[in-house]
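Below, each chain spelled out in residue letters.
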Amino acid sequence: MESQVVDELLSLQEMDGEIARSRVELSAMEEESRLLEERLEAARRGESAIAVRVEEADRALRQYERTVQAGRATLKRLQQRAQEVAKQRAAMAARVEMDAARQNLDSAETAMLEGMQVQDRVRAEHQAALEALELEQQAADERLSEINRLSAELADSLAIQRDRRENRALRIDGSVRSVYDRVRAGRTSEALAPVVEGVCGHCFTSIPLQRQAEIRGGKALIVCETCGVILHADR
Ligand SMILES: [Zn+2]
């Protein structure tokens, strides 16, 4: 193998490395924007759940208020009747009924006050969730537009890198190129490795002396029998 062929393959390998790094960066950005969307969605769901609890608290409070109003009306009606009844026994009965009505009203008023506290608490919680959501949305929007911009730039330079790579590949002999492509398609992304101190620079298996001589001679492409990379003389 001519050393020029090795140089060409090494520069092809470098370009392939660049392309691989760009693709990793690009998919990292896709992943980041996916995570951002996911987190936003979770925050939105959290906010909706609290909004439902606000509605429940409002509804409960309206119910307590109706009960209190009904209790007050009952008590008022009983008070009027107590004033009207003259007889001792009827007045007694009216007082008993009024005591019961007062007790009911007391517990209805207590429930209403508690309902108001619950409503205040849940509303405050909802307000905090809305504010947090807004901040998160803003931050996510900024980062997402940043990611979009960077991804577009990266996609452009990736297209240029691929173009340059294809042009370079076309200048390399077809059979050499197909060995390179086959090695790269296998287990290793690095298709070439130097022989360093008699071992494969990729898997560190020692290379027989005869093969080392062939590699130095550069008459043919020699691949490592253990890991399959194309071996070249250390330089
Ligand atoms: Zn090897």
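Draft legend 1. Molecular detail of the overall build of the protein. Secondary structure summary: the protein contains four helices and four strands in total. Mapped from its N terminus to its C terminus, the protein presents α and β elements in the order α-α-α-β-β-α-β-β. Computed over C-alpha atoms, the radius of gyration of the protein comes to 41 Å, more than 25% over the 18 Å expected from 2.2 N^0.38 for 235 residues, which places it beyond the range of a compact globule. Across its three principal directions, the C-alpha atoms of the protein cover 130 × 35 × 25 Å. Classification of the 235 residues of the protein by burial places 11% in the buried group. Partitioning the intrachain contacts of the protein with sequence separation of at least 6 by distance along the chain shows that 73% fall at a separation of at least 24.

Draft legend 2. Structural detail: the confidence of the model for the protein. Averaged over every residue, the pLDDT of the protein is 93; the share at 70 or more is 99%. Averaged over each element, pLDDT in the protein is lowest for helix H3 (residues 174-185) (91) and highest for strand S2 (residues 199-200) (96).

Draft legend 3. Quick look at the sheet that holds strand S1 (residues 192-196). With mixed pairing, the four strands of this open sheet are ordered in space as S2-S1-S4-S3. A single partner strand is all that each edge strand has here, and the edge strands are S2 and strand S3 (222-223). Strand direction decides the pairing type here: S1 and strand S4 (residues 230-233), joined by four bridges, are parallel. Bridge pairing in S4 places Ala193 opposite Leu231. Contacts between helix H4 (residues 209-217) and the sheet are confined to S1, S3 and S4, with S4 contributing the most and set at about 75 degrees to the helix.

Draft legend 4. Examining the environment of Ala139 more closely. Among the structural elements, Ala139 can be located in helix H2 (residues 88-170). Once the C-alpha coordinates of Ala139 and Gly198 are considered, the two residues, 59 residues apart in sequence, prove to be 55 Å apart.

Draft legend 5. Spotlight on the pairing of S4. With two bridges joining them, S3 and S4 adopt antiparallel strand pairing. Each bridged residue has a counterpart across the sheet, and for Ile222 the counterpart in S4 is Leu231. Between S3 and S4, which pair antiparallel and follow one another directly, the connecting turn spans six residues, one of which, Gly228, has a positive phi of 90 degrees.

Reading the values: rules and limits
Residues numbered from 1 in each chain as written. Predicted model: local features only at pLDDT ≥ 70, side-chain atom pairs only at ≥ 80, totals over all residues. Helix = DSSP H or I, 4+ residues; strand = E, 2+ residues; numbered from the N terminus. Rg over C-alpha atoms; globule rule 2.2 N^0.38 Å. Buried ≥ 20, exposed ≤ 12 C-beta atoms within 10 Å, placed from the backbone. Contact = placed C-beta atoms within 7 Å. pLDDT = per-residue confidence, 0-100. Pairing = 2+ DSSP bridges. Axes fitted to C-alpha atoms, helices over the stretch in contact; angles between N-to-C directions.

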